[in-house]
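This is what each chain is made of:
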Amino acid sequence: MLNRLSSGRPTDGEAELRYLDADFRIVRPGTFVRCAVTGQQIALDDLKYWSVARQEAYSGPPAVLQRLHPERFKAFAAR
(Lines give C-alpha, C1' and ligand atoms only; values in the text may rest on other atoms or scores of the structure.)
Protein backbone atom coordinates (compact mmCIF):
# COMPACT_ATOMS: atom_id res chain seq x y z
CA MET A 1 0.00 0.00 0.00
CA LEU A 2 1.13 3.53 -0.62
CA ASN A 3 1.81 5.73 2.39
CA ARG A 4 0.98 3.24 5.14
CA LEU A 5 1.20 4.88 8.53
CA SER A 6 4.32 3.91 10.40
CA SER A 7 2.84 4.28 13.89
CA GLY A 8 0.74 1.20 14.61
CA ARG A 9 -2.27 -0.25 12.80
CA PRO A 10 -4.69 1.98 10.96
CA THR A 11 -7.98 2.34 12.71
CA ASP A 12 -11.02 0.54 11.37
CA GLY A 13 -13.43 2.68 9.43
CA GLU A 14 -13.33 5.17 6.61
CA ALA A 15 -10.07 6.97 5.90
CA GLU A 16 -9.72 10.52 4.67
CA LEU A 17 -7.11 10.95 1.96
CA ARG A 18 -5.47 13.76 0.03
CA TYR A 19 -5.16 12.51 -3.56
CA LEU A 20 -1.93 13.43 -5.36
CA ASP A 21 -0.75 12.80 -8.95
CA ALA A 22 0.74 9.33 -8.41
CA ASP A 23 0.16 8.81 -4.72
CA PHE A 24 -2.07 9.77 -1.83
CA ARG A 25 -1.57 11.01 1.70
CA ILE A 26 -3.55 9.77 4.66
CA VAL A 27 -5.22 12.67 6.46
CA ARG A 28 -7.33 10.52 8.81
CA PRO A 29 -6.41 6.84 9.27
CA GLY A 30 -8.81 4.12 8.27
CA THR A 31 -9.01 0.91 6.29
CA PHE A 32 -11.09 2.05 3.31
CA VAL A 33 -12.46 4.96 1.27
CA ARG A 34 -15.77 5.12 -0.60
CA CYS A 35 -16.20 5.26 -4.35
CA ALA A 36 -17.60 8.69 -5.25
CA VAL A 37 -19.91 7.13 -7.86
CA THR A 38 -21.12 3.84 -6.38
CA GLY A 39 -20.56 4.34 -2.66
CA GLN A 40 -18.72 0.99 -2.60
CA GLN A 41 -16.01 0.57 0.03
CA ILE A 42 -12.49 0.38 -1.43
CA ALA A 43 -9.74 -1.04 0.78
CA LEU A 44 -6.71 1.26 0.79
CA ASP A 45 -4.58 -1.64 -0.46
CA ASP A 46 -6.89 -1.93 -3.51
CA LEU A 47 -7.21 1.79 -4.31
CA LYS A 48 -5.98 2.41 -7.86
CA TYR A 49 -8.30 5.04 -9.35
CA TRP A 50 -8.87 8.61 -8.17
CA SER A 51 -9.18 12.17 -9.38
CA VAL A 52 -6.71 14.75 -8.13
CA ALA A 53 -8.87 17.63 -9.41
CA ARG A 54 -12.07 16.31 -7.80
CA GLN A 55 -10.34 14.75 -4.77
CA GLU A 56 -12.44 11.57 -4.97
CA ALA A 57 -11.84 7.84 -5.32
CA TYR A 58 -13.34 5.39 -7.82
CA SER A 59 -13.90 1.64 -7.56
CA GLY A 60 -12.73 0.94 -11.12
CA PRO A 61 -12.71 2.04 -14.76
CA PRO A 62 -16.53 1.95 -15.18
CA ALA A 63 -16.94 4.34 -12.24
CA VAL A 64 -14.28 6.68 -13.67
CA LEU A 65 -16.03 6.64 -17.04
CA GLN A 66 -19.41 7.28 -15.45
CA ARG A 67 -18.12 10.28 -13.46
CA LEU A 68 -15.83 11.92 -16.01
CA HIS A 69 -17.56 11.02 -19.29
CA PRO A 70 -21.24 10.25 -18.58
CA GLU A 71 -22.17 10.29 -22.28
CA ARG A 72 -19.57 7.63 -23.06
CA PHE A 73 -20.69 5.59 -20.05
CA LYS A 74 -24.28 5.55 -21.37
CA ALA A 75 -23.04 4.19 -24.71
CA PHE A 76 -20.84 1.64 -22.92
CA ALA A 77 -23.65 0.53 -20.58
CA ALA A 78 -26.11 0.19 -23.49
CA ARG A 79 -24.01 -2.56 -25.11
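Look up a bit, the structure's there.
The following refers to the structure shown. (Residues numbered from 1 in each chain as written. Predicted model: local features only at pLDDT ≥ 70, side-chain atom pairs only at ≥ 80, totals over all residues. Heavy atoms only, no water.)

### Re the overall build of the protein chain
Put simply, the rule is: Here a helix means four or more residues in a row that DSSP labels H or I, a strand means two or more in a row labelled E, and each is numbered from the N terminus. Partly exposed describes any residue whose relative accessible area lies between the buried limit of under 20% and the exposed limit of over 50%, with all areas from a 1.4 Å probe on protein chains only and scaled to the type maximum. Working rule for contacts: check all heavy atoms of both residues, and any pair within 4.5 Å makes them a contact. Computed by Shrake-Rupley with a 1.4 Å probe, the accessible areas treat only the displayed protein chains as cover when residues are assessed.
Across its full length, the protein chain holds two helices and six strands. Element order for the protein chain, N to C, with α for helix and β for strand: β-β-β-β-β-β-α-α. Here the protein chain, with 79 residues, has 24% of them falling under the buried criterion. For the protein chain, contacts bridging at least 24 residues in sequence account for 24% of all contacts bridging at least 6. A total of about 5400 Å² of accessible surface is found on the protein chain, and carbon and sulfur atoms cover 48% of it.

### A closer look at the nonpolar core
The cut-off we apply is this: Residues belong to a common nonpolar core when they are buried Ala, Val, Leu, Ile, Met, Phe, Trp, Tyr or Cys residues joined through side-chain atoms within 4.5 Å.
L17, Y19, F24, V33 and L47 are the most contacted members of the largest nonpolar core, which has 14 residues in total. Only strand 1 (16-19), strand 2 (24-28) and strand 6 (56-58) provide two or more residues apiece to this core.

### Here we look at the pairing of strand 2
As a reminder, the rule being used: Strands qualify as paired when DSSP identifies two bridges or more between them.
Note: strand 1 against strand 2, four bridges, orientation antiparallel. Counted as the bridge partner of R18 is R25 from strand 2.

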